[in-house]
Amino acid sequence: QVQLVESGGGLVQPGGSLRLSCAASGFTFSKYAMSWYRQAPGKERELVAAITSAGGSTNYADSVKGRFTISRDNAKNTVYLQMNSLKPEDTALYYCNAQATIFLRNYDYWGQGTQVTVSS
């Protein structure tokens, strides 16, 4: 059974930091590119950061560049999102996503999300 379980969200003051984790199980984690998305109330889900299967390449939304860092530990089947200098506009439900194409078949898995609220 495929599972992506996010954790680490919470309430933080502007300028603060949080570290999100996404623990994966039920599939070969090291074969999947991993991403973090977020969705604020009334807005569409947007890509925040992505990392390739081996961790050699990352990509970030312009709005988080220089503040957020995505990383992964394939030995622990976990992907992380370190979020620094948080702003109120970072408030959203953050989702973990796993994607791969294996033998021409596309796989796409989502977690349930973890809430991040940035407020004083």
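Everything here concerns the structure above.
Residues numbered from 1 in each chain as written. Predicted model: local features only at pLDDT ≥ 70, side-chain atom pairs only at ≥ 80, totals over all residues. Heavy atoms only, no water.

**Some points on the overall build of the protein**
Here's step 1: The secondary structure content of the protein amounts to 0 helices and 11 strands.
Here's step 2: Taking 2.2 N^0.38 as the reference for a compact globule, 120 residues should give roughly 14 Å; the C-alpha atoms of the protein span a radius of gyration of 14 Å, in line with that estimate.
Here's step 3: The C-alpha extent of the protein, read off along each of the three principal axes, is 50 × 25 × 25 Å.
Here's step 4: Split into buried and exposed, the 120 residues of the protein put 39% on the buried side. (Helix = DSSP H or I, 4+ residues; strand = E, 2+ residues; numbered from the N terminus. Rg over C-alpha atoms; globule rule 2.2 N^0.38 Å. Buried < 20%, exposed > 50% of the residue type's maximum accessible area, 1.4 Å probe, protein only.)

**Re the sheet that holds strand 7 (residues 68-73)**
Here's step 1: Here we have 4 strands laid out as an open sheet, ordered 1-3-8-7, and antiparallel in their pairing. With one partner strand each, in any of the chains shown, strand 1 (3-7) and strand 7 form the two edges of the open sheet. Taken pair by pair, the neighbouring strands of this sheet meet at an average axis angle of 15°, ignoring direction.
Here's step 2: One ladder, built from 5 bridges, connects strand 1 with strand 3 (residues 18-25); its direction is antiparallel. The partner of glutamate 6 across the bridge, within strand 3, is cysteine 22. (Pairing = 2+ DSSP bridges. Axes fitted to C-alpha atoms, helices over the stretch in contact; angles between N-to-C directions.)

**A word on the nonpolar core**
Burial of nonpolar side chains together is a common tendency in soluble globular proteins.
Here's step 1: Counting residues in hydrophobic clusters, the biggest one holds 31 residues, and the most contacted among them are Met34, Trp36, Val79, Leu81, Met83 and Tyr94.
Here's step 2: Looking at which element gives the most residues to this core, the answer is strand 9 (residues 92-102), with 5 residues.
Here's step 3: Non-local contacts of methionine 83, meaning those with residues more than four positions away in its chain, are made with Gly16, Ser17, Leu18, Leu20, Arg67, Phe68, Tyr94 and Val116. (Core = buried A, V, L, I, M, F, W, Y, C linked by side-chain atoms within 4.5 Å. Contact = heavy atoms within 4.5 Å.)

**Looking at the state of the cysteines**
Here's step 1: Taken as a whole and assessed by the stated rule, the structure comprises 1 disulfide.
Here's step 2: The disulfide bridge from cysteine 22 ends at cysteine 96, spanning 2.1 Å between sulfur atoms. Disulfide cysteine 22-cysteine 96: torsion about the S-S bond near -85°, hence left-handed. With cysteine 22 in strand 3 and cysteine 96 in strand 9, this pair connects stretches of sequence that are 74 residues apart. (Disulfide = S-S within 2.5 Å.)

Geometry only, nothing functional implied.
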